[in-house]
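Working through the structure, step by step
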Amino acid sequence: MERKNEVIAMKINGMNQTNFNPYKNQMQKYQDTKKAVKQNDQLEISSEAKKLQENNKVNENRQAFVQEIKNQIDSGTYKINYEKTVQKMIEFWSK
C-alpha cells in the first residue's frame, strides 16, 4: 500500500472575520494625513554660515602678499625670519 503525501489547505476564519484587518484603519488614517500635509523642501542658511562664506572670498591685499612671497621664493631672494616663525608657532599652540 502506497501513501502519497497530500497537502490539505484549510482556510481558518473565526466568526464574522471575513474582512477583518486590524491595520487597515491605521493605514487609511496615515494615508489621509499624508495627503493633507504637503510639505515643500526648504533650505535656510544661517547668518553665521553667510559670514563664513564671505570670509572665504579672496582678499586682494592678501593675494598680492602671497604672490610677492612666491616671486621671492622663485627668484631665490626670500629670507626666512626664524624668530618670527617660532613666535607665531608658540602663539598658535598655546591657545
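Residues numbered from 1 in each chain as written. Predicted model: local features only at pLDDT ≥ 70, side-chain atom pairs only at ≥ 80, totals over all residues. Heavy atoms only, no water.

1. A short note on the overall build of the protein chain
- Regarding its fold elements, the protein chain presents four helices and zero strands.
- Along the protein chain, helices (α) and strands (β) appear in the sequence α-α-α-α when read from the amino end.
- For the protein chain, the exposed area adds up to about 11100 Å²; of that, 51% sits on carbon and sulfur atoms. (Helix = DSSP H or I, 4+ residues; strand = E, 2+ residues; numbered from the N terminus. Areas by Shrake-Rupley, 256 points an atom, 1.4 Å probe, with all protein chains shown as cover.)

2. Examining a nonpolar patch on the surface
- A cluster of nonpolar residues, Ile 73, Tyr 78, Ile 80 and Tyr 82, forms a patch on the protein surface that exposes about 450 Å² of accessible area.
- Inspection of the secondary structure puts Tyr 78 in the loop between α3 (60-75) and α4 (82-94). (Patch = residues over 30% accessible without salt bridge, like charges linked within 9 Å, V, L, I, M, F, W, Y side chains within 5 Å. Salt bridge = Lys/Arg side-chain N within 4 Å of Asp/Glu carboxyl O.)

3. Description of α3
- Between its first and last C-alpha, α3 extends 23 Å over 16 residues, near the 22 Å set by a 1.5 Å rise per residue.
- Among the residues trailing α3, Gly 76 stands out with phi positive, at a value near 85°. (Expected span 1.5 Å × (residues − 1).)

4. Focus on the packing of aromatic side chains
- Applying the stated criterion to the full structure yields one aromatic pair.
- When the centroid spacing of 4.9 Å and the interplanar angle of 85° are considered together, the rings of Phe 92 and Trp 93 count as edge-to-face. Like Trp 93, Phe 92 is exposed. (Phe/Tyr/Trp six-rings, centres within 6.5 Å; stacked < 30°, edge-to-face > 60°. Buried < 20%, exposed > 50% of the residue type's maximum accessible area, 1.4 Å probe, protein only.)

5. Focus: the confidence of the model for the protein chain
- Per-residue confidence for the protein chain gives a mean pLDDT of 79; residues scoring 70 or more make up 69%.
- When mean pLDDT is taken per element in the protein chain, α4 scores highest with 94 and helix α1 (residues 24-36) scores lowest with 74. (pLDDT = per-residue confidence, 0-100.)

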